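Summary of the model geometry
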Amino acid sequence: RAEGGESLIQRVRNAIRITCAELDFTACSNMELYLRQGKTLLTYPLRLVDAHTAEFIVPKADAMQLAAGNAELQLAVTADGAPVVSRIRSVPVLRLLSEAGYGD
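Cut-off values and rules
Residues numbered from 1 in each chain as written. Predicted model: local features only at pLDDT ≥ 70, side-chain atom pairs only at ≥ 80, totals over all residues. Heavy atoms only, no water. Helix = DSSP H or I, 4+ residues; strand = E, 2+ residues; numbered from the N terminus. Buried < 20%, exposed > 50% of the residue type's maximum accessible area, 1.4 Å probe, protein only. Areas by Shrake-Rupley, 256 points an atom, 1.4 Å probe, with all protein chains shown as cover. Contact = heavy atoms within 4.5 Å. Phe/Tyr/Trp six-rings, centres within 6.5 Å; stacked < 30°, edge-to-face > 60°. Core = buried A, V, L, I, M, F, W, Y, C linked by side-chain atoms within 4.5 Å. Salt bridge = Lys/Arg side-chain N within 4 Å of Asp/Glu carboxyl O.

Here the focus is the overall build of the protein chain. Assigned secondary structure in the protein chain consists of two helices and nine strands. Relative to its full complement of 104 residues, the protein chain shows a buried share of 38%. For the protein chain, the accessible surface area stands at approximately 5,900 Å², while carbon and sulfur atoms represent 52% of it.

Now the structure itself:
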């Protein structure tokens, strides 16, 4: 179980970067992120950025399903053949969406 060091570090358009000091993402597989708000549960593949950073993309259609307020995030990976999940983190939805919008 990943403890402590996971944090959102930046938005790049609709890409959200996550860091986790306890995990080496280069040694992980099956990397996913779960985003829940109310009854809405969205799942995204995580893309490797570097050893301790991964990112996911929130498509516009998904962003339109989210309301103002908080959403819960949790990442899940396979490391050394075993499933690893982070603590659930509550994040304001406005931190997840691009300030520049989706280009329309």
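Positionally, Phe 25 belongs in the loop between strand 2 (15-19) and strand 3 (28-37). Expressed as a C-alpha distance, the spacing of Phe 25 and Leu 46, which sit 21 residues apart in the sequence, is 9.6 Å. Residues within four places of Phe 25 in sequence aside, it is in contact with Ile 18, Cys 20, Met 31, Leu 48, Asp 50, Ala 51, His 52, Thr 53, Ala 54, Leu 75 and Val 77.

Okay, the packing of aromatic side chains next. In the structure shown here, the tally under the stated rule is one aromatic pair. Centroid distance Tyr 44 to Phe 56: 5.5 Å. Interplanar angle 25 degrees. Geometry classified as stacked. Here Tyr 44 is found in strand 4 (residues 40-45), whereas its partner Phe 56 is found in strand 6 (residues 53-57), with twelve residues between them in sequence.

Now for the environment of Leu 66. Structurally, the position occupied by Leu 66 is in the loop between helix 1 (60-63) and strand 7 (70-79). Among the residues examined, Leu 66 registers a relative accessible area of 12% and is labelled buried. Residues Leu 66 and Thr 40, 26 residues apart in the sequence, show an inter-C-alpha distance of 8.1 Å. Leave out the neighbours within four places in its chain, and Leu 66 touches Leu 35, Gln 37, Leu 42 and Val 93.

On to the nonpolar core, then. It is characteristic of soluble globular proteins that their nonpolar side chains tend to be buried jointly. Membership of the largest hydrophobic core comes to 27 residues, with the highest contact counts inside it found for Leu 23, Phe 25, Leu 33, Leu 35, Phe 56, Leu 75 and Val 77. Counting only elements with at least two residues in this core, the list comes to strand 2, strand 3, strand 4, strand 6, strand 7 and helix 2 (93-96). Of the residues forming this core, the biggest block, five residues, is contributed by strand 7. Residues within four places of Phe 56 in sequence aside, it is in contact with Asn 14, Ala 15, Ile 16, Ile 18, Leu 33, Tyr 44, Pro 45 and Leu 46.

Turning our eyes to something else, we now look at the pattern of salt bridges. Inspection of every chain in the model, using the stated rule, returns two salt bridges. Of the charged contacts in the structure, one is a salt bridge between Glu 55 and Arg 17, with a shortest N-O distance of 3.1 Å. Within this pair, whereas Glu 55 is found in strand 6, its partner Arg 17 is found in strand 2, the two being separated by 38 residues in sequence. Taking relative accessible area as the criterion, Arg 17 reaches 24% and is therefore assigned partly exposed. With relative accessibility at 8%, the residue Glu 55 sits in the buried group. The network of salt bridges with shared partners includes Arg 17, Arg 47 and Glu 55.

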